[in-house]
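Structure assessment
Listed below are the residues making up each chain.
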Amino acid sequence: QVRLVESGGGLVQPGGSLRLSCAASGISFLSINTMGWYRQAPGKERELVAELRMIGSTNYADSVKGRFTISREVATNAVTLYLQMNSLKTEDTAVYYCNLKPVGYNEIWGQGTLVSVSS
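Small disclaimer: the values here were computed from a predicted structure and weren't measured.

A few words now on the pattern of salt bridges. This model, assessed by the stated rule, comprises six salt bridges. Where Asp92 meets Arg39, a salt bridge forms, and the shortest distance between an N and an O atom there is 3.0 Å. Residue Asp92 is found in the loop between strand E8 (78-85) and strand E9 (94-102), and its partner Arg39 is found in strand E4 (residues 32-40); the two are separated by 53 residues along the sequence. The pair formed by Asp92 and Arg39 is uniform in burial state, with each residue classed as buried. Among the salt bridges present, the one from Asp92 reaches Arg67, with a minimum N-O distance of 2.7 Å. One end of the pair, Asp92, is in the loop between E8 and E9; the other, Arg67, is in the loop between strand E6 (58-60) and strand E7 (68-75), and 25 residues separate them in sequence.

Structure below.
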């Protein structure tokens with residue numbers, strides 16, 4: 001069974017940095033199409049923040065380009081996805097969700113981790 005466990009959220013001041021992690025276990029990276037980070041702010045719809053294909057290409061929301069970096073680390077039957085967030089703004093405040101799209105199966109979501117940017 002595939003499991004996603006997120007960590008790294010918290011409270012940070014504007015201009016600060018955080019790194020989110022998403023540990024995916026029970027699946028080989030060869031069985032994954034993409035992994036990504038989405039976020040949902042209060043009263044808003046969930047939106048894509050950044051996405052990474054296992055072949056290496058990336059896609060970022062315009063609002064985070066140049067500030068956020070998505071990356072991955074591969075191990076035997078496990079993959080860890082990271083989101084390095086720099087120059088954080090108050091509008092980055094949201095619950096951040098890890099997403100995994102396996103080959104031939106329905107997508108999987110993590111439980112979410114809260115990022116609060118406030119002075």
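Attention now moves to unusual backbone geometry. What is expected of a backbone is that most residues other than glycine have negative phi and most peptide bonds are trans. A positive phi angle, near 60°, is found at Asn77, a position not held by glycine. Asn77 gets classed as partly exposed once you look at its relative accessible area, which sits at 43%. Even without being glycine, Ser87 reaches a positive phi, approximately 50°. Examined against the element boundaries, Ser87 turns out to sit in the loop between E8 and E9. According to the relative accessible area criterion, Ser87 is partly exposed, its value standing at 40%.

The rules behind each value
Residues numbered from 1 in each chain as written. Predicted model: local features only at pLDDT ≥ 70, side-chain atom pairs only at ≥ 80, totals over all residues. Heavy atoms only, no water. Salt bridge = Lys/Arg side-chain N within 4 Å of Asp/Glu carboxyl O. Helix = DSSP H or I, 4+ residues; strand = E, 2+ residues; numbered from the N terminus. Buried < 20%, exposed > 50% of the residue type's maximum accessible area, 1.4 Å probe, protein only.

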